[in-house]
Amino acid sequence: MTLKKSLNNHIIEIGVRVQRSEVRGQRSEFRDQRSEVRDQRSEVRGQRSEVRDQRSEVRDQRSEVRGQRSEVRGQRSEVRG
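Residues numbered from 1 in each chain as written. Predicted model: local features only at pLDDT ≥ 70, side-chain atom pairs only at ≥ 80, totals over all residues. Heavy atoms only, no water.

Looking at the overall build of the chain
What the chain contains, in helices and strands, is 1 helix and 0 strands. For the chain, whose C-alpha radius of gyration is 35 Å, the value lies well above the compact-globule estimate of 12 Å for 81 residues. Dimensions of the chain along its principal axes, counting C-alpha atoms only, are 115 × 10 × 10 Å. Relative to its full complement of 81 residues, the chain shows a buried share of 0%. Accessible surface for the chain amounts to roughly 8,100 Å². Of this, 46% is attributable to carbon and sulfur atoms. Measuring between centres, the 21 positive side-chain charges of the chain sit 8 Å from its 14 negative side-chain charges. (Helix = DSSP H or I, 4+ residues; strand = E, 2+ residues; numbered from the N terminus. Rg over C-alpha atoms; globule rule 2.2 N^0.38 Å. Buried < 20%, exposed > 50% of the residue type's maximum accessible area, 1.4 Å probe, protein only. Areas by Shrake-Rupley, 256 points an atom, 1.4 Å probe, with all protein chains shown as cover. Lys, Arg positive; Asp, Glu negative; His and termini not counted. Charge placed at Lys NZ, Arg CZ, Asp CG, Glu CD.)

This is how it looks when you write it as structure tokens:
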């Protein structure tokens, strides 16, 4: 093999190594992004769950208040009657 061919092959090999390295870096970056998205989704799920719990709590409180108002109305009508 001539020196020129040998150098060309070496240059090509270096280019291939650089590309492989770039691909590895991109894959790693992609994995990191995917992991970040998973974490964000998990956080959103947690927040939604928290909001659901709060809404449920508010509904329970409203229901309790309605019950108390009803009770007060009943007592007032007893007093009047």
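Picking up where we left off.
Examining the environment of Gln 54
Structurally, Gln 54 can be placed in helix 1 (residues 3-80). Here the alpha-carbon distance between Gln 54 and Ser 6, two residues 48 residues apart in the chain, equals 72 Å.

Focus on a negative patch on the surface
On the surface, Glu 29, Asp 32, Glu 36, Asp 39 and Glu 43 cluster together into a patch of negative charge. Residue position: Glu 29 is located in helix 1. (Patch = residues over 30% accessible without salt bridge, like charges linked within 9 Å, V, L, I, M, F, W, Y side chains within 5 Å. Salt bridge = Lys/Arg side-chain N within 4 Å of Asp/Glu carboxyl O.)

Here we look at the environment of Ser 70
With respect to the helices and strands, Ser 70 occurs in helix 1. On a C-alpha basis, the gap between Ser 70 and Arg 48 in space is 33 Å, while along the polypeptide they are 22 residues apart.

Some thoughts on a positive patch on the surface
Judged by side-chain charge, Arg 20, Arg 24, Arg 27, Arg 31, Arg 34 and Arg 38 come together as a positively charged surface patch. The residue Arg 38 is located in helix 1 in this model.

Thoughts on the pattern of salt bridges
A full pass over the atoms with the stated rule returns 1 salt bridge. A salt bridge links Glu 13 to Arg 17; the nearest nitrogen and oxygen atoms lie 3.3 Å apart. Here Glu 13 and its partner Arg 17 are both found in helix 1, 4 residues apart, which amounts to about one turn of the helix. For Arg 17, a relative accessible area of 48% gives the class partly exposed.

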